[in-house]
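Chain by chain, the residues:
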Amino acid sequence: MACRAGQAAEDQYVVRHGDQLLPAKDYPHLAELTTGHVLQPGYDYGSEFEFGLSLILDGLERAHTPNKKTTRKPASGQPAR
């Protein structure tokens, strides 16, 4: 995934001011993800974003495809439709 102009400066701003933009006390799970994963050496936001976006789009496409029967077990014990 190609970087757009100014991406590095924007990334640096978010790193420096992230605790003010999204306080850890208000978003504890996001803070944990950021410190435990995103800020670790070797993390590549572009690759991770593209992978996640592909998963979401594939799931939406499958959900939208007509004549696709699901085989999930109903939670309420009622027969599957």
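S.K.: Help me out: how do you make sense of the overall build of the protein chain in this one?
M.R.: The secondary structure content of the protein chain amounts to three helices and zero strands. Put simply, the protein chain runs from its N terminus to its C terminus through helices and strands in the order α-α-α. Going through the 81 residues of the protein chain one by one, you find that 2% of them count as buried. Carbon and sulfur atoms make up 58% of the accessible area of the protein chain, which amounts to about 7,700 Å² in all.

S.K.: Looking at this structure, I do not really get the packing of aromatic side chains. What am I missing?
M.R.: The geometry of an aromatic ring pair comes down to the distance between the two centres and the angle between the two planes. By the definition in use, this model includes one aromatic pair. Plain terms: the ring middles of Tyr-45 and Phe-49 are 5.8 Å apart, the flat faces sit at 25 degrees to each other, and that makes the pair stacked. Within this pair, Tyr-45 and its partner Phe-49 are both found in helix H3 (residues 45-64), separated by four residues, close to a single helical turn. For Tyr-45, a relative accessible area of 53% puts it in the exposed group.

S.K.: Quick question: what am I supposed to make of the pattern of salt bridges here?
M.R.: Any two side chains of opposite charge can pair, on the condition that their charged atoms come close. For the structure shown, the criterion picks out one salt bridge. Residue Lys-25 pairs with Asp-26 through a salt bridge whose shortest N-O separation is 3.5 Å. Looking at Lys-25, the relative accessible area reads 73%, which means it is exposed. Judged by relative accessible area, which is 45%, Asp-26 ranks as partly exposed.

What counts, and at which threshold
- Residues numbered from 1 in each chain as written.
- Predicted model: local features only at pLDDT ≥ 70, side-chain atom pairs only at ≥ 80, totals over all residues.
- Heavy atoms only, no water.
- Helix = DSSP H or I, 4+ residues; strand = E, 2+ residues; numbered from the N terminus.
- Buried < 20%, exposed > 50% of the residue type's maximum accessible area, 1.4 Å probe, protein only.
- Areas by Shrake-Rupley, 256 points an atom, 1.4 Å probe, with all protein chains shown as cover.
- Phe/Tyr/Trp six-rings, centres within 6.5 Å; stacked < 30°, edge-to-face > 60°.
- Salt bridge = Lys/Arg side-chain N within 4 Å of Asp/Glu carboxyl O.

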